[in-house]
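What follows is the residue order along each chain.
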Amino acid sequence: MAEEQENIHMQKLGGLCFSVGREPHIVSPALRTVAKDTHAIRTYGNEPYYREAISHGLSIVPGAWIGEDDSIHKIALDELIETAHAFRPRLVIVGNETQLFNRVSADTLIKHLRYVKARVPKCTLVTTAEDAKLLLQKPEIMHACDVIGMHYYPFWHGVPIEHAVSDFDSMYRSVRLIGNYKEIVVLETGWPSDGGTHSWDTPHGIRHSSVATMESAVRYFHELMSWSYRMGVQVFWFEAFNELWKVQFEGLPGAHWGLRACPQSPRKYWPQVVAA
């Protein structure tokens, strides 16, 4: 039993979100590190290091960044199409949380999805990456995707850690139902390992609070990855490494989402993981 448990612990994650810039002296050691942790990486734009990632045995999930400047959308989409033909990934992502941040309308996003779907190889599936609650509000986006790319963070909704994975499971099942039981890939979820308490007021005036601590992050990581293994759902953990710059947007928790603090540091959560 101990040997079986050790083998489970040694398995790699289904995916990691990977965003380290483009400087080779940063990218190369980061890729070598994440190749020890995961089978796949997702990126937020179309990146120049995919061939190097593949050389390390990583699958890639490229993205096209869709911002508020619609004059460059077609450039990003055409670059993504070119990448799909060059590397033939299983999945590409058109836009990241465009609805959550009101970057484009749902109709424009769907137009972009259709544009890419008509031009990538048949082996490549097309999706967008969006907050689960926004997907439930705009099911037409899910219907336009080959698979559903879902983001969901119980932490940001003030869910206490003891209820976090059951809350995640409930949201997953809601998205699956409204999405007509299409395959779902969880393209972002995580829990910060430091940063204090986050409170969330429901529409009914009830306040919930979640706490960013190492203990809570370890528990969410362990339970969520066990859920992923049991359900057969690919999960991309957010994020591969801490991103200190996010403090200005998310407060203290923003700096502590990484599986590792940096490429040279040890994993925060191993070996308490059961991963697919």
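Turning next to the overall build of the chain. The helix and strand tally for the chain stands at ten helices and eleven strands. Over its C-alpha atoms the chain spans a radius of gyration of 18 Å, differing by no more than 12% from the 19 Å that the globule rule assigns to 276 residues. Principal-axis analysis of the C-alpha atoms gives the chain an extent of 50 × 45 × 40 Å. Per-residue burial for the chain yields a buried fraction of 55% across its 276 residues. Within the chain, residue pairs in contact and separated by at least 24 positions form 64% of the contacts whose partners lie at least 6 positions apart. Of the roughly 12800 Å² that the chain leaves accessible, carbon and sulfur atoms contribute 54%. Side-chain charges of the chain comprise 27 positive and 31 negative groups, with the mean position of each set lying 6 Å from the other.

Here we take up unusual backbone geometry. Most of the time, phi is negative for any residue but glycine, and the peptide bond is trans. Look at the link from Phe238 to Glu239: it is a cis peptide, with omega at 15°. Examined against the element boundaries, Glu239 turns out to sit in the loop between strand 11 (235-237) and helix 10 (247-250). Phi angles above zero are rare outside glycine, and Glu97 is one such case at about 50°. You can see Glu97 is positioned in the loop between strand 5 (91-96) and helix 5 (106-117). Residues other than glycine seldom take positive phi values, yet Asn102 does so here, at roughly 55°. In this structure, Asn102 sits in the loop between strand 5 and helix 5.

With six of six residues buried, strand 8 (residues 184-189) is to be regarded as a mostly interior element. Here strand 7 (residues 148-151) runs beside strand 8; their pairing, made up of four bridges, is parallel. Each bridged residue has a counterpart across the sheet, and for Gly149 the counterpart in strand 8 is Val185. For the segment spanning strand 7, helix 8 (residues 164-178) and strand 8, crossover handedness is right-handed. As paired strands, strand 8 and strand 11 are joined by two bridges and run parallel to one another. Among the inter-strand pairings, Thr189 is bridged to a residue of strand 11, identified as Trp237.

In a soluble, globular protein the nonpolar side chains are often hidden away together inside. Phe18, Val116 and Met150 are the most contacted members of the largest nonpolar core, which has 83 residues in total. Per element, the largest residue contribution to this core is seven residues, and it comes from helix 9 (residues 214-231). If we skip the residues at most four places from it in the chain, Met150 touches Glu130, Ala132, Leu135, Phe168, Met171, Tyr172, Val175, Ile184, Val185, Val186, Leu187 and Glu188.

Bringing helix 5 into the picture now. The end-to-end C-alpha separation of helix 5 is 16 Å, in line with the 16 Å expected for twelve residues at 1.5 Å each. Among the residues of helix 5, Ala106, Leu109, Ile110, His112, Leu113, Tyr115 and Val116 are the ones counted as buried. Where helix 5 is buried, its residues meet helix 4 (73-87), strand 5, strand 6 (125-131) and helix 7 (139-144).

Describing an aromatic ring pair means giving the distance of the ring centres and the angle of the ring planes. Within the structure shown, the criterion is met by 20 aromatic pairs. Both rings, one in Phe155 and one in Trp257, keep their centres 5.9 Å apart while their planes meet at 85°; by these two values the pair is edge-to-face. With Phe155 in the loop between strand 7 and helix 8 and Trp257 in the segment after helix 10, this residue pair connects regions lying 102 residues apart in the sequence. Among the residues examined, Phe155 registers a relative accessible area of 0% and is labelled buried. Seen from their ring centres, Trp237 and Tyr269 are 5.8 Å apart, and the 75° between their planes marks the pair as edge-to-face. Taken together, the positions of Trp237 in strand 11 and Tyr269 in the segment after helix 10 put the pair 32 residues apart, joining distant regions of the chain. Under the relative-accessibility criterion, Tyr269 is labelled buried at 0%. An aromatic cluster of three or more residues is present, and its members are Tyr153, Phe155, Trp156, Trp191, Tyr220, Phe221, Trp237, Phe238, Trp257 and Tyr269.

Glancing now at the pattern of salt bridges. Per the counting criterion, the structure on display carries eleven salt bridges. Between Asp169 and Arg173 there is a salt bridge, with the nearest N and O atoms lying 2.8 Å from each other. Within this pair, Asp169 and its partner Arg173 are both found in helix 8, separated by four residues, close to a single helical turn. What makes Asp169 buried here is its relative accessible area of 16%.

Along its 15 residues, helix 4 runs 21 Å from first to last C-alpha, staying within 8% of the 21 Å computed at 1.5 Å per residue. The complete set of buried residues in helix 4 reads His73, Ala76, Leu77, Leu80, Ile81, Thr83 and Ala84. For helix 4, the angular spread of buried residues about the axis comes to 160°, placing them on one side. Looking at helix 4, the residues exposed on the side facing more than 90 degrees away from the buried face are Glu82 and Ala86. Where helix 4 is buried, its residues meet helix 3 (50-55), strand 4 (63-64), strand 5 and helix 5. Looking at the residues trailing helix 4, positive phi occurs at Arg88, about 50°.

Criteria and cut-off values
Residues numbered from 1 in each chain as written. Predicted model: local features only at pLDDT ≥ 70, side-chain atom pairs only at ≥ 80, totals over all residues. Heavy atoms only, no water. Helix = DSSP H or I, 4+ residues; strand = E, 2+ residues; numbered from the N terminus. Rg over C-alpha atoms; globule rule 2.2 N^0.38 Å. Buried < 20%, exposed > 50% of the residue type's maximum accessible area, 1.4 Å probe, protein only. Contact = heavy atoms within 4.5 Å. Areas by Shrake-Rupley, 256 points an atom, 1.4 Å probe, with all protein chains shown as cover. Lys, Arg positive; Asp, Glu negative; His and termini not counted. Charge placed at Lys NZ, Arg CZ, Asp CG, Glu CD. Pairing = 2+ DSSP bridges. Right-handed = clockwise from strand over helix to strand, strands pointing away. Core = buried A, V, L, I, M, F, W, Y, C linked by side-chain atoms within 4.5 Å. Expected span 1.5 Å × (residues − 1). Phe/Tyr/Trp six-rings, centres within 6.5 Å; stacked < 30°, edge-to-face > 60°. Salt bridge = Lys/Arg side-chain N within 4 Å of Asp/Glu carboxyl O. Arc of directions from axis to C-beta.

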